Amino acid sequence: MDISDAELIADFVVEAQEGLANIEQQMLAIEEGGADINVELVNAVFRTMHSIKGTAGFLGLDRIGVLAHGLEEVLNRLRNHEVLPSSELVDTILHAADFMEGLIESVETSNEADISQYVESLQQYRVGGEPAVNPASAVKSEESTPPVVSATFHLSEAAREFIIECYDNLDLMDRDLLALEQSPGSTNLLRGIFRTMHTIKGGAGFLGLAVMEKFAHIAETLLGSLRDGDLPFTSEIAGALLAATDKCREGLRLLETTGTDIGFETDSIVQRLLAAQSVCPTGEHARNDAPDLLQSAPPRPSTGPSAPARSAPPTSAAHANTHDSAAETPEHALTDKQQLAAGDSTIRVDVALLDKLMTRVGELVLARNQILQHTNRSHDAEFISTAQRLNLITTELQEGVMKTRMQPIGNVWGKFPRVIRDLASQLGKQIRLEMEGKETELDKTILEAIKDPLTHLVRNSVDHGIESPEARRSVGKPETGCLRLRAYHEGGQVNIEIIDDGAGLNLERIRQKAVEKGIVTADQAARLSDREAAQLILLPGFSTAEKVTNVSGRGVGMDVVKTNIEKIGGTLDLQSQPGRGTTIKIKIPLTLAIIPALIVTTGGDRYAIPQVSLLELVRLEGEAVQRQIEYVHGAPVFRLRSKLLPLINLAERLGLSGGNVGGESPAGDQVVNIVVLRSNDRQYGLVVDKVNDTEEIVVKPLSRQLKGLGEYAGTTIMGDGTVALILDVLGIAMAAGLNAEMREQPHGGPGQADTLSRAESQTLLVVDLGDSRRFALPTSMIARLEKASAAAIEYAHNQPVIQYRGSILPLIELGDVFGRHPDQPERSEQSELQIIVYADQEHHCGFVVNRIVDIVETELNFVPGKPVREHLLGTMVIQERVTDVLNLPSLARHASPRSSAAFTPA
């Protein structure tokens, strides 16, 4: 037994045992129904036996296959009301099924078992030896006497399973055919593709879908000729087979909408398949190798490359194709028993159950938040300890459940090789696709939301980005262009990049088109920087295409892509270099179910702002209110580091009391809290009454009465049981007219230029250590800024710590890491600590600094040639001062090597 067979058998044992586990209850229920046969139950048992028969035959488990075949035929007579479920019949089926279960448990020796007793007992209930139905005659019969299909139909469970499995198999076949074009001599790929089509044919035949079965049979015959070496694999054959997969998808959609395959037109594709088959010297068609029930099983065929492939079972095509390649790497081989045991480590769980479990965990998070609020007012040490333990367990459970909902982005990317191949062929281009980070995981809800935007961006790169082979050759480029997809986790988000090495954007053409459409004046267009001009393609209706094609040119798309990404809390940025290519960067959250949020209060009510849109917090007091808040055409703006930031008063926007920014009371009594947010490539400040705290919230949908209000994205339940509304950062900006303002004055002012350069910039927190040295930290890696008294410092594991939010926070003195200045005074117990809280999956610590100087947004232009010290990213000049930029993960690993779990109270 080789490695591929061992893996397949392990999968077969698990699947067969799952199916057989329910047969006893199903058969007893069928017996209880008597003459009123429950066809759905009989079909369920029939499918189990049909699957076991097919898989056993494919794997050479002959005795199991023959016994399953006998059971299948009896069950077929039962579901056709040709026999009644008498006690004797049910006993016979159950005894045979029990014996089969024993054969499966001892699968290695099953071919030595004597099954004649059970075969003979089943023989009395079957009608012997009907010939197999010819697909062609079945189609003819179906076409001559079409059944009447009612206006309303109900797909059987078998049909629904067939549809789901077929879509998966067709996607798999697409990927394998594209891989086969790159490696035409791969017998493993050919065998896998053949088995996939055989699976589709078998499922269609089982459901009586004669047209689809015949169509799949023709495609299978062509694949058989390729597999046997009678035909060379060419791009024309690849195109015909890919067209066949598309046609099969049409048949599935017809089945979904009508419940039948009548009207499934396949003539054009059949002609392509037959034309390709006609060059086969033998023209041999697939044989019907189904063994007779009492006939001795034929000897198992060889598994060598030249041997004909065995028939594949409906449930194992994906596994078979995946594991074939393992046969070529014997160094990774496991023993047969190890392979058989490997299947026991996984179970199948319905997605609806996972969603329900996620909902329950969300409720638990709400209850946890409520209990933690009580701990802030409690002095009961035992209650506080229990609450902290509950907090830890809830967090771990939340992370575990969220992982079960995670799916690799490769599930979406898997369709792109086919999309790119077809488009490249249609456009006469040569394109190579590279994918990096296919294993990067996102919540399945996010994955569904980005599927269409990503597809649109990929199509745009192929159509607009990469040039024709002639054009590339004329400028000294390789004829084959490269489209690269990259995904990775960073800062609690997923970054996705679509990079092409094409001609880049025609910026002059974009400027010209913008003037023609009245988006900007000719003078404004001339002053646009290249980065500002590139962003124009994200505006609604903007297109530079000379003509409309079925690929692009309608002026609909990029703005929709951007809007859809922003709806899930993501951002999109575009960079292009003429002659060198274009890069599109997307940042999206990992999940939408439970998110970190900033809680604010306005008008006596609390609101939640998703942290993904939060840039910084500003508090103005006294004279600073009058000095730094100005008015432009009656609208308040805040001068933040020499930039004008539009202000929106949340109370005024929501129609609450207290909607006057700055008010008219004496300056010394005024306090203004500004939450600086990013929305639609624009920053603005949201004025609130009070900034409360950050908290993980459970997102719940808006009620029907609030769905029309664009200012809200959802609701959540706070720790005290009250409901809080989640603010939609983009919706507030649109309601306040900021987006319209951006379109009217889009690219002439400094604010837009600053926004457009953000992709190449970093927001940094600048600190000092009480001497001449300055350090900067990327704000994306900072969880919070805290203040604490030096007297609050305690020690654990010989490390300074403070009690922080129900846990113990290790402290790291930057002065201790990088050395203290000899003239720096000792800290007294009365002094106040400035603490920068850092957290990742492994470490949770606070960096102690002397003073927080500023927050700046700047490009990372490190001093070239200067050796980089340990725990530093580099050195640069910020605000005319030499500043070292810290590598926080490295610093946390070095200075806090112990897991933060060691500092969590029991």
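This structure is a prediction, so every number in the text was calculated from the model and none was measured.

## Focus on the overall build of the protein chain
Working step 1: When its secondary structure is counted, the protein chain shows 31 helices and 29 strands.
Working step 2: Looking at the protein chain as a whole, 48% of its 906 residues are labelled buried.
Working step 3: A total of about 44000 Å² of accessible surface is found on the protein chain, and carbon and sulfur atoms cover 50% of it.

## Some details on the side chain of Arg418
Working step 1: Turning to its location among the elements, Arg418 is positioned in helix α18 (residues 416-427).
Working step 2: Judged by relative accessible area, Arg418 falls into the buried class, the value being 8%.
Working step 3: A polar side-chain atom of Arg418 sits 3.1 Å from the main-chain carbonyl oxygen of Leu242.
Working step 4: A distance of 2.4 Å separates polar atoms of two side chains, one belonging to Arg418 and the other to Asp246.
Working step 5: Arg418 has contacts with Asp174, Leu178, Leu242, Ala243, Thr245, Asp246 and Arg249, leaving out every residue within four places of it along the chain.

## Some points on the nonpolar core
Working step 1: Core analysis: the largest hydrophobic core is formed by 47 residues, its most contacted members being Ile409, Ile450, Leu454, Ile496, Ile498, Ile586 and Ile588.
Working step 2: Setting aside residues up to four positions removed in sequence, Ile496 forms contacts with Ile409, Trp413, Ile450, Leu454, Arg486, Ala487, Ile584, Lys585, Ile586 and Ile588.
Working step 3: Formed by 46 residues, the second largest nonpolar core is a distinct cluster that contains Ile9, Val45, Met49 and Ile52.

## A few points about the packing of aromatic side chains
Working step 1: By the definition in use, this model includes 4 aromatic pairs.
Working step 2: Ring plane angle 35° and centroid distance 4.9 Å describe the contact between Phe775 and Phe818, whose orientation is recorded as tilted. With Phe775 in strand β20 (residues 774-778) and Phe818 in helix α30 (residues 814-818), the pair connects residues that are 43 residues apart, well separated along the chain. Taken as a pair, Phe775 and Phe818 share a single burial class, namely buried.
Working step 3: When the ring of Tyr838 is compared with that of Phe847, the centres are 6.2 Å apart and the planes differ by 55°; the resulting orientation is tilted.
Working step 4: Judged by its relative accessible area of 4%, Tyr838 is buried.
Working step 5: Judged by relative accessible area, which is 0%, Phe847 ranks as buried.
Working step 6: One residue, Arg79, lies across the ring of Phe46, its end atom 3.9 Å from the ring centre.
Working step 7: A cation over an aromatic ring shows up here: Arg227 above the ring of Phe194, its NZ or CZ 4.2 Å from the ring centre.

## Some remarks on helix α9 (residues 187-206)
Working step 1: Between its terminal C-alpha atoms α9 stretches 28 Å, which fits the 28 Å expected from 20 residues at 1.5 Å a residue.
Working step 2: Positive backbone phi, approximately 75°, marks Gly208, located one or two places after α9.

## Some remarks on the packing of helix α15 (residues 351-375) against helix α16 (residues 381-405)
Working step 1: Where α15 meets α16, the axes come as close as 9 Å, and the angle between the chain directions of the two elements is 155°. In terms of their interaxial angle, α15 and α16 are classed as roughly antiparallel. In the packing of α15 onto α16, the handedness of the crossing is left-handed.
Working step 2: Within the contact of α15 with α16, the residues separate by chemical class into 15 nonpolar, 7 polar and 3 charged.

## Section: the packing of helix α8 (residues 157-182) against α18
Working step 1: Where α8 meets α18, the closest approach of the two axes is 9 Å, and the angle between their N-to-C directions is 60°. Classified by the angle their axes make, α8 and α18 are oblique. Remark: the crossing between α8 and α18 carries left-handed chirality. Each of Asp174, Leu178 and Glu181 in α8 lies in contact with α18, whose residues at this interface are Pro417, Arg418 and Arg421.
Working step 2: When grouped by side-chain class, the residues that make up the contact of α8 with α18 number 2 nonpolar, no polar and 4 charged.

## Remarks on the pattern of salt bridges
Working step 1: By the definition in use, this model includes 34 salt bridges.
Working step 2: With its nearest N and O atoms 2.7 Å apart, the salt bridge here joins Arg249 to Asp174. One end of the pair, Arg249, is in helix α11 (residues 235-258); the other, Asp174, is in helix α8, with 75 residues separating them in the sequence. Taken individually, Arg249 and Asp174 each receive the classification buried, so the pair is uniform in this respect.
Working step 3: A salt bridge links Asp422 to Arg421; its shortest N-O distance comes to 3.6 Å.
Working step 4: The class for Asp422 is partly exposed, based on a relative accessible area of 31%.
Working step 5: Within the structure, one salt-bridge network assembled from shared partners comprises Asp171, Asp174, Glu181, Asp246, Arg249, Lys415, Arg418, Arg421 and Asp422.

## Some words on the sheet that holds strand β8 (residues 594-602)
Working step 1: Strand order in the open sheet formed by 5 strands is β16-β8-β9-β18-β17, and the pairing between neighbours is mixed. A single partner strand is all that each edge strand has here, and the edge strands are β16 (690-698) and β17 (712-717). On average, adjacent strands in this sheet sit at an angle of 35° to one another, irrespective of strand direction.
Working step 2: Pairing analysis gives 8 bridges linking β8 to β16, with the strands arranged antiparallel. Bridging from a neighbouring strand, Ile595 pairs with Ile697 of β16.
Working step 3: Contacts from α15 reach β8, β9 (605-610), β16 and β17 within the one sheet, and its direction differs from that of β16 by about 145°.

## Points about a nonpolar patch on the surface
Working step 1: Where nonpolar side chains cluster on the molecular surface, the patch consists of Ile347, Val349 and Leu353 and spans about 310 Å² of accessible area.
Working step 2: Position of Val349 relative to the elements: it lies in the loop between α14 (336-342) and α15.
Working step 3: Given the relative accessible area of 40%, Val349 is considered partly exposed.

## A few points about the sheet that holds strand β11 (residues 629-632)
Working step 1: Taken together, 6 strands build an open sheet; the order of strands is β10-β14-β15-β13-β12-β11 and the sheet is mixed. Single-partner strands in this sheet number two, and they are β10 (614-621) and β11. The average undirected angle you get between the axes of adjacent strands in this sheet is 35°.
Working step 2: Examined bridge by bridge, strand β12 (residues 635-640) and strand β13 (residues 643-649) share 4 bridges and lie antiparallel to one another. Across the sheet, the residue bridging to Phe638 is Leu645, located in β13.

## A look at the pairing of β9
Working step 1: As paired strands, β8 and β9 are joined by 6 bridges and run antiparallel to one another. Each bridged residue has a counterpart across the sheet, and for Thr601 the counterpart in β9 is Arg606.
Working step 2: Hairpin connection between β8 and β9: a loop of 2 residues separates the two successive antiparallel strands, and Gly603 in this loop has a positive phi of roughly 60°.
Working step 3: Where β9 and strand β18 (residues 723-727) come together, 2 bridges link them in parallel fashion. Bridging from a neighbouring strand, Ala608 pairs with Ile726 of β18.

Here is what the cut-offs are and how they apply
Residues numbered from 1 in each chain as written. Predicted model: local features only at pLDDT ≥ 70, side-chain atom pairs only at ≥ 80, totals over all residues. Heavy atoms only, no water. Helix = DSSP H or I, 4+ residues; strand = E, 2+ residues; numbered from the N terminus. Buried < 20%, exposed > 50% of the residue type's maximum accessible area, 1.4 Å probe, protein only. Areas by Shrake-Rupley, 256 points an atom, 1.4 Å probe, with all protein chains shown as cover. Polar contact = N/O pair within 3.5 Å; in protein donor to acceptor, adjacent residues only side chain to side chain. Contact = heavy atoms within 4.5 Å. Core = buried A, V, L, I, M, F, W, Y, C linked by side-chain atoms within 4.5 Å. Phe/Tyr/Trp six-rings, centres within 6.5 Å; stacked < 30°, edge-to-face > 60°. Lys NZ or Arg CZ within 6 Å of the ring centre and 35° of its normal. Expected span 1.5 Å × (residues − 1). Axes fitted to C-alpha atoms, helices over the stretch in contact; angles between N-to-C directions. Parallel < 35°, antiparallel > 145°, perpendicular 65-115°, else oblique. Left-handed = near helix turned anticlockwise from the far one by under 90°. Nonpolar A, V, L, I, M, F, W, Y, C, P; charged D, E, K, R; others polar. Salt bridge = Lys/Arg side-chain N within 4 Å of Asp/Glu carboxyl O. Pairing = 2+ DSSP bridges. Patch = residues over 30% accessible without salt bridge, like charges linked within 9 Å, V, L, I, M, F, W, Y side chains within 5 Å.

Honestly, that's just the spatial picture; any functional story needs more than this.
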